[in-house]
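# Secondary and tertiary structure notes
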Amino acid sequence: MQLQFAMDTLTTEAALDLAGKAAPYVDVIELGTPLIKSAGLSAITAIKEAHPDKVVFADLKTMDAGELEADIAFSAGADLVTVLGVAGDSTIAGAVKAAEAHGKGIVVDLIGVPDKAARAKEVVALGAEFVEMHAGLDEQAEEGFTFETLLRDGEASGVPFSVAGGITTDTIGSVQASGARIAVAGSAIYSADDVAAAASALRDAISESASA
Ligand SMILES: O=C(CO)[C@H](O)[C@H](O)COP(=O)(O)O
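Think of each chain on its own: its residues are numbered from 1, step by step along the sequence as written. Local features in a predicted model are, by the rule used here, given only for residues with pLDDT of at least 70; side-chain atom pairs are given and counted only at 80 or more, and totals for whole chains, interfaces and linings are based on all residues. The side-chain quantities take in all heavy atoms of the structure and omit both hydrogens and water.

Counted only if it meets this: UniProt positions are given in the numbering used here, feature names are shortened, and annotations may be inferred rather than shown by experiment.
You'll find the chain entered in an unreviewed UniProt entry as 3-hexulose-6-phosphate synthase, with Curtobacterium caseinilyticum given as the organism. Regarding the chain, the relevant UniProt record gives this comment under Pathway (unreviewed entry): "One-carbon metabolism; formaldehyde assimilation via RuMP pathway; D-fructose 6-phosphate from D-ribulose 5-phosphate and formaldehyde: step 1/2." Quoted verbatim from the Sequence similarities (unreviewed entry) heading of the UniProt record, the comment on the chain is "Belongs to the HPS/KGPDC family. HPS subfamily."

### Comments concerning the overall build of the chain
The following threshold applies: What counts as a helix is a DSSP run of H or I of at least four residues, what counts as a strand is a run of E of at least two, and both are numbered from the N terminus. In this setup the radius of gyration rests on C-alpha atoms only. A globule is expected at 2.2 Å times the number of residues raised to 0.38. Residue burial is assigned from relative accessible area. The probe radius is 1.4 Å, only protein chains are included, and a residue is buried under 20% of its type maximum, exposed over 50%, and partly exposed in between.
Helix and strand content of the chain: 11 helices and eight strands. Taking 2.2 N^0.38 as the reference for a compact globule, 212 residues should give roughly 17 Å; the C-alpha atoms of the chain span a radius of gyration of 16 Å, in line with that estimate. Its C-alpha atoms put the chain at 40 × 40 × 35 Å along the principal axes. For the chain, buried positions account for 49% of its 212 residues.

### A short note on the site of the ligand
Definition in use: The nearness test applies per residue and asks whether one of its heavy atoms lies within 4 Å of the molecule or strand. The definition of a polar contact used here is a pair of N or O atoms within 3.5 Å, where within protein one atom must be able to donate a hydrogen and the other to accept one, and adjacent residues in sequence count solely through side-chain atom pairs. Only Asp, Glu, Lys and Arg are considered charged, only Ala, Val, Leu, Ile, Met, Phe, Trp, Tyr, Cys and Pro nonpolar, and every remaining residue, Gly among them, polar.
Around the ligand lies a shell of 13 residues, among which Asp8, His134, Gln140, Gly166 and Gly186 are the nearest. Note that an oxygen atom of the ligand is positioned 2.8 Å from one of the side-chain N or O atoms of His134. Breaking the shell around the ligand down by element, the ones donating at least two residues are strand E3 (55-62) and helix H7 (137-140). Looking at the shell around the ligand residue by residue, the classes come out as three nonpolar, six polar and four charged.

### A short note on helix H1 (residues 12-22)
Selection criterion: The directions considered for the arc run from the helix axis to the C-beta atoms. Residues are treated as being in contact if the distance between any of their heavy atoms lies within 4.5 Å.
By the burial criterion, the buried members of H1 are Ala15, Leu18, Ala19 and Ala22. When H1 is viewed along its axis, its buried side chains cluster within an angular range of 95 degrees and face the same direction. Where H1 is buried, its residues contact strand E1 (2-7), strand E2 (28-31), helix H2 (33-39), helix H3 (42-50), helix H10 (187-190) and helix H11 (195-211).

### A short note on H3
One turn of the α-helix equals 3.6 residues, which is why residues spaced by three or four share an orientation. Taken together, the buried positions of H3 are occupied by Ala43, Ile44, Ile47 and Lys48. When H3 is viewed along its axis, its buried side chains cluster within an angular range of 130 degrees and face the same direction. Here the buried face of H3 lies against E1, H1, E2, H2, E3 and helix H4 (66-76).

### Some remarks on the sheet that holds E1
Let me state the cut-off plainly: Two strands are said to pair when DSSP picks up at least two bridges between them. For helices, the fitted line uses only the C-alpha atoms of the stretch in contact; every axis is such a line through C-alpha atoms, and the angle between N-to-C directions lies from 0 to 180 degrees.
The strand order E1-E2-E3-E4-E5-E6-E7-E8 describes a closed barrel built from eight strands, whose pairing is parallel. Between one strand and the next, the sheet's axes are offset by a mean angle of 25 degrees, whatever the strand orientation. Two strands pair when backbone bridges link them, and strand E5 (residues 105-109) and strand E6 (residues 130-134) are joined in this way by three bridges, in the parallel orientation. By the bridge assignment, Val107 is partnered in E6 with Phe130. The sheet contacts of helix H6 (residues 116-125) involve E5 and E6, and relative to E6 the element is tilted by about 155 degrees.

Okay, here's the thing in structure tokens:
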């Protein structure tokens, strides 16, 4: 299983600093939605130039104008771009068209989708590379939130999936056991006093879980 670091920070300078510390331990570097809204597409270019060997993930969470929004993110240097699963099929198909033109990929974020397993099948049929079983920051803070449903939905979907929703060293083993392609960790890394150590600990937890 791969490890993705979601950088929910607000400036390119902060993102470059975080990415520089975590890069040795992660496979995918994500520019979070607030970062792209705050710093603009140039942040994607800066991260790709600093880390050309990493998969750069632009979390646009596109809801409309799929082809146009995906195209500008790929042109800026993204390897993977997100579209929302609650968007219409034509939006997702448009984003997939842009990905094909650039030789890159679309990830469909299933945040807010009631039946994630069913929608996952539909969007992969539309050409998405994989789906993200995602509980966002607000949902994580809601009373009664449980992370386990994301894993069950991933397993039930039968398609390639990542998982995001407050993953920590305590839970990343269960994500791996669910068959996820990628575990996405944001606050567990960027909020840590020692960012490199936090990323390294998640990487070690993946290895330990694989050999258990
Ligand atoms: O996309 C996001 C919020 O919409 C986050 O980047 C994602 O949830 C990962 O961060 P965390 O591990 O803190 O949940």
